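# Structural characterization, general
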Amino acid sequence: MTIHVLGFPTTLGLPRSAVRHGPEALRASGLLQALRRHDPHVVDHGDMAVPPGLTSDPAPTRVAKVVEAARRQRDHWLRVTRPGDLLLTIGGDHSTSLGTIMALAELGDDFDVVWVDAHGDFNTIETSPTGNPHGMVLSLAAGLLPDALGRVITPDRLHLWGIRDLDPGERRLLAAKRVEVLTPAEVRARREQILAGLRPNVFLSFDIDSVDPADAPGTMTPVPGGFTRDEAVDLVKAIVRGRNLIAMDLVEYHPDRDAGGLTNRLACAVLEAALGAWSRCDREASDAHQWPMASPHPF
Ligand SMILES: NC(=[NH2+])NCCC[C@H](N)C(=O)O
Ligand SMILES: [Mn+2]
């Protein structure tokens with residue numbers, strides 16, 4: 001049971017380059033050391049080289065570049081992961097998550113995606129008001145942009161929690177595909193019920209903009225009315241406890257908007273909470289499958 005940590009400093013999903021510095025800012029504040037205090041089996045894979053995004057590209061080209069980067073991340077995960085491991089990615093914008101979904105699907109795991117976010121990220125090129133692919137990640141994974149990517153996950157696996165900013169077209173698509181979409185208030189009110197509805201294997205994708213801008217200012221698309229810092233940490237622990245967290249990521253952290261480092265500390269706290277809860281789970285079954293560790297690939 002190894003925890004694989006990969007930086008994925010992609011800006012391919014949006015028009016701001018600062019998100020590229022997310023992994024380095026979190027590393028600089030001692031994230032890896034903090035994670036190792038919770039579990040010593042942390043392997044740092046460094047940061048993947050991702051080309052810069054060109055917002056002058058037409059939307060289909062921007063989406064194609066996201067898919068290409070995701071395929072490289074998927075291939076990396078497929079090379080290194082062993083049963084019982086945890087794949088942890090530090091973004092990057094939310095297009096960071098596509099490669100992990102693709103890898104888990106390829107591994108044949110029966111898993112749910114818990115997408116903690118202010119946004120639905122379910123736009124298509126036609127419904128997107130911005131053309132930014134970070135708002136199309138789940139629609140891509142669900143096969144709604146078939147020219148770019150075939151379906152890798154069915155919509156019944158998707159759990160969107162914390163959502164409070166949907167574009168009209170993506171709202172219609174989410175309803176048509178019957179995706180679970182819950183506001184922060186609904187998550188608070190129905191927490192035990194929705195947790196009980198999850199499959200045992202979970203990929204938790206944590207968009208820092210799920211948290212209220214008062215507690216997480218360091219992001220591009222802040223939306224008022226989010227989870228408090230404490231609620232977010234608590235929710236992450238509750239998701240991981242009693243379940244098999246197979247992958248997680250932390251995305252949309254823009255260090256240049258984080259005067260005072262509030263968002264940085266929150267991001268570290270969220271990841272530490274997850275790893276703390278993960279390493280306390282009973283891992284005896286997966287220990288039985290421990291294989292020799294492949295050395296991390298240099299990029
Ligand atoms: N991962 C995110 N922060 N996504 C924001 C998406 C915002 C908006 N819905 C769009 O499509 O452009
Ligand atoms: Mn998002």
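So, here's what we can say about the structure. (Residues numbered from 1 in each chain as written. Chains lettered and ligands numbered in written order. Predicted model: local features only at pLDDT ≥ 70, side-chain atom pairs only at ≥ 80, totals over all residues. Heavy atoms only, no water.)

As a further point, take the overall build of the chain. The helix and strand inventory of the chain stands at 11 helices and eight strands. For 299 residues, the compact-globule formula gives about 19 Å, and the C-alpha radius of gyration of the chain, at 17 Å, lands near that figure. Overall, the chain is about 50 × 45 × 40 Å in size when its C-alpha atoms are taken along their principal axes. Evaluated residue by residue, the chain yields a buried proportion of 57% over its 299 residues. Within the chain, residue pairs in contact and separated by at least 24 positions form 77% of the contacts whose partners lie at least 6 positions apart. If you sum the accessible surface of the chain, you get close to 11700 Å²; carbon and sulfur atoms cover 52% of it. (Helix = DSSP H or I, 4+ residues; strand = E, 2+ residues; numbered from the N terminus. Rg over C-alpha atoms; globule rule 2.2 N^0.38 Å. Buried < 20%, exposed > 50% of the residue type's maximum accessible area, 1.4 Å probe, protein only. Contact = heavy atoms within 4.5 Å. Areas by Shrake-Rupley, 256 points an atom, 1.4 Å probe, with all protein chains shown as cover.)

Of the two faces of strand 5 (residues 158-161), the one holding L158 and L160 and the one holding H159 and W161 are both buried throughout. Where strand 4 (residues 111-116) meets strand 5, four bridges bridge the pair, whose relative direction is parallel. By the bridge assignment, V116 is partnered in strand 5 with W161. The sheet contact formed by strand 5 and strand 6 (residues 180-182) spans three bridges and is parallel. In the strand pairing of strand 6, W161 is matched with L182. Handedness of the crossover joining strand 5 and strand 6 through helix 6 (residues 168-176) is recorded here as right-handed. (Pairing = 2+ DSSP bridges. Right-handed = clockwise from strand over helix to strand, strands pointing away.)

So, on to the site of ligand 1. Of all residues adjacent to ligand 1, which total 13 residues, the nearest are D121, N123, T130, D167 and D209. Taking D121, its side chain carries an N or O atom lying 2.9 Å from a nitrogen atom of ligand 1. The fraction of the free accessible surface of ligand 1 (350 Å²) that becomes covered by protein chains is 95%. A class-by-class count of the residues in the shell around ligand 1 yields no nonpolar, seven polar and six charged. (Near = heavy atom within 4 Å. Polar contact = N/O pair within 3.5 Å; in protein donor to acceptor, adjacent residues only side chain to side chain. Nonpolar A, V, L, I, M, F, W, Y, C, P; charged D, E, K, R; others polar.)

With that out of the way, let us pick up the layout of surface pockets. Quantified by volume, the second largest pocket comes out at close to 250 Å³. Lining the second largest pocket are 20 residues, and of these H119, T130, H134, G135 and D167 lie nearest its centre. (1 Å grid on protein atoms, 1.4 Å probe; cavity = no way out; pocket = protein on both sides within 12 Å on 5 of 7 lines; lining within 4 Å. Points joined across faces, edges and corners; volume = space filled by probe spheres on them.)

Along the chain, the position of T100 falls in helix 4 (residues 98-107). For T100, a relative accessible area of 1% translates into the label buried. Separated by 14 residues in the primary sequence, T100 and V114 place their C-alpha atoms 13 Å from one another. Setting aside residues no more than four positions away along its own chain, T100 makes contact with Q73, W77, T89, F203 and A247. A distance of 3.1 Å separates the side chain of T100 from the side chain of W77, its partner in a polar contact.

Here we take up the packing of helix 9 (residues 229-240) against helix 10 (residues 262-280). Relative orientation of the contacting elements helix 9 and helix 10 amounts to 25°, with a least axis distance of 8 Å. When the axes of helix 9 and helix 10 are compared, the pair comes out roughly parallel. The chirality of how helix 9 crosses helix 10 is right-handed. On the side of helix 9, the interface is formed by R229, V233, V236, K237 and V240, while helix 10 contributes R265, L266, A269, V270, A273, A274, A277 and W278. When grouped by side-chain class, the residues that make up the contact of helix 9 with helix 10 number 10 nonpolar, no polar and three charged. (Axes fitted to C-alpha atoms, helices over the stretch in contact; angles between N-to-C directions. Parallel < 35°, antiparallel > 145°, perpendicular 65-115°, else oblique. Left-handed = near helix turned anticlockwise from the far one by under 90°.)

Here we come to helix 9. Taking 1.5 Å of rise per residue, 12 residues should cover 16 Å, and helix 9 covers 17 Å from first to last C-alpha, within 8% of that figure. What helix 9 keeps buried is the set A232, V233, L235, V236, A238, I239 and V240. Positive phi appears at G242, one or two residues downstream of helix 9, with a value of about 75°. (Expected span 1.5 Å × (residues − 1).)

The step from G91 to G92 runs through a cis peptide bond, and the omega angle for that step is 15°. The topology assignment puts G92 in the loop between strand 3 (86-91) and helix 4. Positioned with a positive phi, D121 is a non-glycine residue whose angle comes to about 50°. Mapped onto the elements, D121 comes out in the loop between strand 4 and helix 5 (137-141). According to the relative accessible area criterion, D121 is buried, its value standing at 6%. For R178, which is not a glycine, the phi torsion comes out positive at approximately 55°. In this structure, R178 sits in the loop between helix 6 and strand 6. Among the residues examined, R178 registers a relative accessible area of 75% and is labelled exposed.

With respect to topology, eight strands assemble into an open sheet ordered 2-1-3-8-7-4-5-6, the strand pairing being parallel. At either margin of the open sheet sits one strand with a lone partner, and together these are strand 2 (42-47) and strand 6. Averaged over all pairs of adjacent strands, the angle between their axes in this sheet comes to 15°, without regard to strand direction. Against the sheet, helix 3 (residues 59-80) engages strand 1 (3-8), strand 2 and strand 3, with an angle of about 160° to strand 1.

Just distances and angles here, no functional claims.
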